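Inside the fold
Below are the chains, spelled out letter by letter.
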Amino acid sequence: MAALNASSLNAERALEILLVLGEVGPEGLSLSEIARRIGGAKSAAHRSLAALLHKGFAEPTGRYGYYRLGPAIPMIAGRQERLEPQIQLIRPGMTEFARRTGFTVYLMVQAGVDAVCAEMVSRSTRRQFTMGVGARVPMGVAAGSLALMSMLAEDAAAGIIRANAERYERHPALRHVDAALIAQLVAQARTRGYAINMGYYLPGEGGIGLPVPRRGAYEVNVAVSFNAPLEMMTDDWIEATINELRDCLGPDLVGSR
């Protein structure tokens, strides 16, 4: 049992290293910085990193003692075609909504206790992106992941909130965010049919997330979200804009209300 627990810890540590390396560019991170970010000893981080290096999931950079994601990551990602047909169905609606409103639109999917950006569409000439494809946040952070959680069974959502409770309080925010608040926002999203973030994370900006439930065994639940200036986000404006997003995506994807 002890060996099994140790193996589980090593695997979890290796996954944490991959997530940390995924947040930086080709310049990579030093072993000391990797250990600091995952909250462990350098010796333990080195053992897990050595296994990742051996399998090609990490590689040394040109700078001595620094490491980055390895070539095995894009090779595996390139073979993941499950989401692509669903993205192709949703992308035209995202593009039309971005054209009509000027907002950058994100497609979010669940990855364990995190939400990951699977697609992004922007028609803005100025850079206003809050995340790019592949970026991840704890489930419950921002409107897109709240919308994802609103589609889960209540016990499943509660389990994710418990697992992420400490992360909510560590995640950069402008206002206090904790597990109780996330549970409240998820409950509101279930009742309302879409999620709202009223300026918890970005100065002067909130967000809206629309759940798009899967339609069959080969699809997954996704959410389409966008950020907007808080000054615009009156109740009437939110309702009109979410209806416009539904119109852009079409009844085949989001049904009719």
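Everything here concerns the structure above.
The notes below deal with the structure included here. (Residues numbered from 1 in each chain as written. Predicted model: local features only at pLDDT ≥ 70, side-chain atom pairs only at ≥ 80, totals over all residues. Heavy atoms only, no water.)

This paragraph deals with the pattern of salt bridges. Side chains that differ in sign of charge can pair as their charged atoms come close. All told, the structure shown has 13 salt bridges when counted by the stated rule. Residue arginine 100 pairs with glutamate 96 through a salt bridge whose shortest N-O separation is 2.8 Å. Of this pair, arginine 100 and glutamate 96 are both found in helix H5 (residues 84-101), four residues apart, which corresponds to roughly one turn of the helix. Taking the relative accessible area as the measure of exposure, arginine 100 reaches 36% and is therefore partly exposed. Ionic pairing is found between glutamate 244 and arginine 100, a salt bridge with its closest N-O pair at 3.6 Å. In this pair, glutamate 244 is assigned in helix H9 (residues 235-249) and arginine 100 in helix H5, connecting sequence segments 144 residues apart. Salt bridges sharing partners connect three or more residues here, namely Glu96, Arg99, Arg100, Glu244 and Asp247. (Salt bridge = Lys/Arg side-chain N within 4 Å of Asp/Glu carboxyl O. Helix = DSSP H or I, 4+ residues; strand = E, 2+ residues; numbered from the N terminus. Buried < 20%, exposed > 50% of the residue type's maximum accessible area, 1.4 Å probe, protein only.)

As a further point, take the sheet that holds strand E9 (residues 222-229). Pairing within the open sheet is antiparallel, and its six strands lie in the order E6-E5-E4-E9-E8-E7. Two strands close off the open sheet at either side, each with one partner strand: strand E6 (136-138) and strand E7 (195-202). Looking at each pair of strands side by side, their axes are set apart by 35° on average, direction ignored. Bridging between E7 and strand E8 (residues 205-212) involves four bridges; their strand directions are antiparallel. In the sheet register, asparagine 197 faces E8, and the bridge partner there is glycine 207. With respect to the sheet, helix H6 (residues 142-150) is in contact with strand E4 (105-111), strand E5 (114-121), E6, E7, E8 and E9, its orientation differing from that of E8 by roughly 30°. Together, E7, E8 and E9 form the strand contacts of H9, whose direction differs from that of E8 by roughly 40°. (Pairing = 2+ DSSP bridges. Axes fitted to C-alpha atoms, helices over the stretch in contact; angles between N-to-C directions. Contact = heavy atoms within 4.5 Å.)

This brings us to the packing of aromatic side chains. Throughout the structure, instances matching the rule amount to four aromatic pairs. An angle of 55° between the planes, with centres 4.9 Å apart, marks the rings of phenylalanine 97 and phenylalanine 226 as tilted. With phenylalanine 97 in helix H5 and phenylalanine 226 in strand E9, this pair connects stretches of sequence that are 129 residues apart. Just as phenylalanine 97 is buried, phenylalanine 226 falls in that class too. With 5.4 Å between their ring centres and 15° between their planes, phenylalanine 103 and phenylalanine 226 make a pair best called stacked. A residue pair is termed long-range when its members are at least 10 positions apart, and phenylalanine 103 in the loop between H5 and E4 and phenylalanine 226 in strand E9 qualify at 123 residues. Neither residue differs from the other here; phenylalanine 103 and phenylalanine 226 are each classed as buried. Within the aromatic cluster, the residues linked to one another by ring pairs are Phe97, Phe103, Phe226 and Trp237. (Phe/Tyr/Trp six-rings, centres within 6.5 Å; stacked < 30°, edge-to-face > 60°.)

With respect to the helices and strands, the residue asparagine 197 is situated in strand E7. Take asparagine 197: its relative accessible area is 5%, and that puts it in the buried class. Within the structure, the side chain of asparagine 197 is placed 3.0 Å from the backbone nitrogen of tyrosine 200, a separation counted as a polar contact. Beyond its immediate chain neighbours, meaning those up to four positions away, asparagine 197 contacts Ala142, Ala143, Gly206, Gly207 and Met233. (Polar contact = N/O pair within 3.5 Å; in protein donor to acceptor, adjacent residues only side chain to side chain.)

Turning our attention to the packing of H6 against helix H8 (residues 179-192). Interhelical geometry of H6 versus H8 gives an angle of 70° and a closest axis separation of 8 Å. With respect to their mutual orientation, H6 and H8 come out roughly perpendicular. Judged by the twist between their axes, the crossing of H6 over H8 is right-handed. On H8, the residues touching Leu146, Met149 and Ser150 of H6 are Ile182, Leu185, Val186, Ala189 and Arg190. Considering only residue class, the contact of H6 with H8 consists of six nonpolar, one polar and one charged. (Parallel < 35°, antiparallel > 145°, perpendicular 65-115°, else oblique. Left-handed = near helix turned anticlockwise from the far one by under 90°. Nonpolar A, V, L, I, M, F, W, Y, C, P; charged D, E, K, R; others polar.)

Across the sheet, which stays open at both edges, the three strands sit in the order E1-E3-E2 with antiparallel pairing between neighbours. In this open sheet, the two strands that pair with only one neighbour each are strand E1 (29-30) and strand E2 (58-60). Bridge count for E1 against strand E3 (residues 66-69) is two bridges, and the pairing is antiparallel. From the neighbouring strand, leucine 29 faces E3, where its bridge partner is tyrosine 67. Contacts from helix H3 (residues 42-54) reach E2 and E3 within the one sheet, and its direction differs from that of E2 by about 95°.

This paragraph deals with the nonpolar core. Membership of the largest hydrophobic core comes to 30 residues, with the highest contact counts inside it found for Ile90, Val224 and Leu249. Of all the secondary structure elements, the ones that give two or more residues to this core are H5, E4, E5, E8, E9, H9 and helix H10 (251-254). Broken down by element, the residue count for this core peaks at six residues, all from H9. Counting 27 residues, the second-largest nonpolar core is a separate cluster that includes Val137, Met139, Leu148 and Tyr200. (Core = buried A, V, L, I, M, F, W, Y, C linked by side-chain atoms within 4.5 Å.)

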